[in-house]
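Coordinates in review
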Amino acid sequence: MVVHVALHLSKLFREKRGLSIFIIFVVLIIVFYSINKLFLTPRSVADIALVATQDGIIALFVTLLLIAGEFDLSVGEVFVFSGMIFGYTIPLLGPYLAFVVALLCSGLIGFTNGIIVTRLRAPSFIATLGMAFFLEGLIFVVTGGFEVTVNLSKIPFWYTLSGDLPDGLNVWVIWFALFSILTYFILEHTRFGNHVFATGGSQNSAYAVGVNTRRVKLVLFVATSVISGLVGIMSLLYYTAISPVEGQDLPLIVLAIAVIGGSSLFGGVGSIEGTVVSALTIGAIYVGLVLAGVPSYYYYSFVGALLIAIAVANEKLLKRKIQI
Amino acid sequence: MSDSLERRNTDSSGPLLRVKDLHKYYGNTPAVREVSFELGYGEIVGLVGDNGAGKSTLVKILAGYHKPDKGEIYFKGKKVEFNSPYEARREGIEIVYQDLALISTMPIYRNIYLAFEPKRGIFIDKKTMKEEARKFLKSMGIDVDPNKLAGELSGGQRQMVAIARALMFQANLLLLDEPTSALSVYEARETLNFVSRAIKDTYRGRASAIIVSHNIHHVYSVATRILVMDQGKIVLDIPSKEMSPIEVEEYIVKITKEKASQR
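Basis of the calculations
- Residues numbered from 1 in each chain as written.
- Chains lettered and ligands numbered in written order.
- Predicted model: local features only at pLDDT ≥ 70, side-chain atom pairs only at ≥ 80, totals over all residues.
- Heavy atoms only, no water.
- UniProt positions renumbered as here; feature names shortened; annotations may be inferred.
- Helix = DSSP H or I, 4+ residues; strand = E, 2+ residues; numbered from the N terminus.
- Rg over C-alpha atoms; globule rule 2.2 N^0.38 Å.
- Contact = heavy atoms within 4.5 Å.
- Areas by Shrake-Rupley, 256 points an atom, 1.4 Å probe, with all protein chains shown as cover.
- Lys, Arg positive; Asp, Glu negative; His and termini not counted.
- Charge placed at Lys NZ, Arg CZ, Asp CG, Glu CD.
- Buried < 20%, exposed > 50% of the residue type's maximum accessible area, 1.4 Å probe, protein only.
- Core = buried A, V, L, I, M, F, W, Y, C linked by side-chain atoms within 4.5 Å.
- Domains from an automatic or database assignment.
- Buried area = accessible area lost by both parts, 1.4 Å probe.
- Salt bridge = Lys/Arg side-chain N within 4 Å of Asp/Glu carboxyl O.
- Pairing = 2+ DSSP bridges.
- Phe/Tyr/Trp six-rings, centres within 6.5 Å; stacked < 30°, edge-to-face > 60°.
- Lys NZ or Arg CZ within 6 Å of the ring centre and 35° of its normal.

In the nomenclature of an unreviewed UniProt entry, chain B corresponds to ABC-type sugar transport system, ATPase component from the organism Metallosphaera yellowstonensis MK1.

The name that an unreviewed UniProt entry assigns to chain A is Permease component of ribose/xylose/arabinose/galactoside ABC-type transporter, with the source organism given as Metallosphaera yellowstonensis MK1. UniProt, in the comment section headed Subcellular location (unreviewed entry), describes chain A in these words: "Cell membrane".

1. A look at the overall build of chain A
A count of helical and extended segments in chain A gives 14 helices and two strands. For chain A, the C-alpha radius of gyration of 20 Å lies close to 20 Å, the compact-globule estimate for 324 residues. If one aligns the C-alpha atoms of chain A with their principal axes, the spans along those axes are about 70 × 55 × 30 Å. When contacts within chain A are restricted to residue pairs at least 6 apart in sequence, long-range pairs at least 24 apart make up 78% of them. Accessible surface, chain A: about 14400 Å² in total, of which carbon and sulfur atoms supply 72%. Each charge sign in chain A was given a centre, from 17 positive and 15 negative side chains, and these centres are 15 Å apart.

2. Some remarks on the overall build of chain B
Looking only at helices and strands, one finds nine helices and twelve strands in chain B. Computed over its C-alpha atoms, the radius of gyration of chain B comes to 18 Å, within 12% of the 18 Å expected for a compact globule of 263 residues. Considered along the principal axes of its C-alpha atoms, chain B spans approximately 60 × 40 × 35 Å. Looking at chain B as a whole, 56% of its 263 residues qualify as buried.

3. Thoughts on the nonpolar core
Judged by nonpolar contacts, the single largest core of 146 residues is most densely connected at Phe 86 of chain A together with Ile 142, Val 161, Leu 174 and Val 248 of chain B. Looking at which element gives the most residues to this core, the answer is helix H3 (residues 42-67) of chain A, with twelve residues. Two domains each put at least three residues into this core: domain 1 (3-102 + 172-262) and domain 2 (104-152) of chain B. Sequence-distant contacts of Val 248 of chain B, defined by excluding residues within four places in its chain, comprise Val 48, Ile 216, Tyr 220, Ile 226, Val 228 and Met 243 of chain B. Formed by 33 residues, the second largest nonpolar core is a distinct cluster that contains Tyr 65, Tyr 97, Leu 173 and Ile 210 of chain B.

4. Considering the interface of chain A and chain B
At the interface, 26 residues of chain A touch 33 residues of chain B. Counting the surface lost from both chain A and chain B, the interface buries some 2500 Å², and carbon and sulfur atoms represent 58% of this. Among the residues chain A hides against chain B, the three largest losses belong to Arg 191, Asn 194 and Val 209 of chain A. Together they make up 27% of the total. Here chain A is connected to chain B by three salt bridges.

5. Focus: the pairing of strand S11 (residues 225-230) of chain B
Two faces make up the sheet, and in a regular strand the side chains alternate between them. All names here are of chain B. Counting buried residues along S11, six of its six residues qualify, which places the element largely inside the surrounding structure. Sheet topology note: the S11/strand S12 (residues 233-239) ladder contains six bridges and is antiparallel. Residue pairing across strands places Val 228 opposite Leu 236, the latter belonging to S12. Once S11 ends, the chain turns through two residues before running back antiparallel as S12, passing Gln 231 with a positive phi of about 50°.

6. Notes on unusual backbone geometry
All names here are of chain A. Its identity as a non-glycine residue notwithstanding, Arg 121 has a phi of 60°, on the positive side. With respect to the secondary-structure elements, Arg 121 resides in the loop between helix H5 (95-118) and helix H6 (124-143). Look at Arg 121 and you get exposed, because its relative accessible area is 63%. For Thr 240, which is not glycine, the phi torsion reads 65° and is therefore positive. Looking at the secondary structure, you find Thr 240 in the loop between helix H11 (213-239) and strand S2 (241-242).

7. Thoughts on the packing of aromatic side chains
Where two aromatic rings form a pair, the distance of their centres and the angle of their planes describe that pair. All names here are of chain A. This structure, assessed with the given rule, holds 22 aromatic pairs over all chains. Look at Phe 157 and Trp 158: their rings are 4.8 Å apart centre to centre, the planes differ by 85°, and that puts the pair in the edge-to-face class. What makes Phe 157 partly exposed here is its relative accessible area of 39%. Linked through ring pairs, Phe 86, Tyr 96, Phe 99, Phe 157 and Trp 158 together constitute an aromatic cluster. Positioned above the aromatic ring of Tyr 33 is the side chain of Lys 37, whose terminal nitrogen or guanidinium carbon lies 5.0 Å from the ring centre.

8. Some thoughts on the pairing of strand S3 (residues 44-49) of chain B
All names here are of chain B. A large share of S3 lies buried, amounting to six of its six residues. Taking every second residue as pointing to the same face, both faces of S3 are buried, with Ile 44, Gly 46 and Val 48 on one and Val 45, Leu 47 and Gly 49 on the other. As paired elements, S3 and strand S10 (residues 208-212) share four bridges and run parallel to each other. Across the sheet, residue Ile 44 finds its bridge partner in S10, namely Ala 209. The pairing of S3 with S11 spans five bridges and is classified as parallel. Note on S11: the bridge partner recorded for Val 45 is Arg 225.

Encoded structure:
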């Protein structure tokens, strides 16, 4: 009986890679709540949401890219670069055109990443790391190391990107929900989603049966960059300032969210549900540790340990199931 | 079935495939040169030759994986130029590679419909994909659950599912690149019998197959005609009844020795 249950559970975990993070999420909620009852107050939930959604929106698209077998280390610099372009061009173009120009620049960076990876065949690790350094240099040259500031709080339109909701929440929660639903349906229920899985599962096999694998990757690099740029602008609008160093940890945090959510660094495997729960878990850890009175430095150690444990467990489970 | 595949017509008055003076170079090295042949409906051709003879390059050109540098391909009476494997599949040419047959991390039903997924509105019709895949695999005598990941199948099952996929889309020309090289003796025999049954019985007169193999004995068990390639050229084209596998093997050894002595 016990063996039967164990086998059944093992099968369940292999089939649903996001399940482990879901269980960890629930356990953490219980633990943090039992340590400090303030953990589930609206204010704490809003704080969790703030941490989870900004990184989570980018992580959704990084998940698609990871499933297609690539990753993007330039998302953090695109985040700052887009905010910088937005802030600097508002006096010249007005906020609406500046917004479009910033997103176009972000898309162009993603397109360049995509071309370097798919046409010039550079590994995405190198291509996007190079792009990150290039943008970082450019950002410091233009800003001189100073923050870029913007204040559009008097214009109602911009509430849609950064406005407050009741109970300390902001609209990022809605954007995160919308992008989660969008990416979920794209991945699970469209031809493009099927091709994303195939491209990361085996690029040569996918190409051999007619999948345009280069286009899949190019589209995902562009989408990831545009979204990173959008989130950069959202962050700038919300905090009214963006620092040139703000994006430095971002690529690794979003990568960690995707991997903790069940995505494989080897491509072909991952889920949007896993990434959503993983982003919420990262937010819960951040807020939970603060409320538990643990020094904030431990946050990274906690996330790091979780990342290693889940990545190792998931790869072992997958290898046991199939011959790769 | 996908709408793009329903347009396929079968003009069986002429040959299924006509290849005229095909050339392909890798740098200055000719991989395929002066290759011309015709293939009729219902034929199973064994394409054999030594390593580097150009067999794989030839079938990859026919499958749209490579573009030829010179030459013409006529398929079902129409001149074709494929820019990608997708275009070749759309015309009715399917290829099954030894190691690229299926994607391990995807369920079988998703593998089967890859690149030709049926749609309902803007979404793929998963229900139809699962049901049709299950029905078709069963009709071909393959007893596997289409929800399983392809990586869970044995080598032989993977080849058979990949071949069944090709036939499910009503391929007129099935190209098999070393289909038995990674299989056990039993699995290899099962796979080749499966191809033979499909071409001779299920798809009688509608489809043909070219099987690339190192193993002449394997090919002989199903092929009706043998093409031997050497240094990119077709050097022998005979009905399989007219020469025994040993004789073909000796022929290949002889030309290989001649080539070595000329160096």
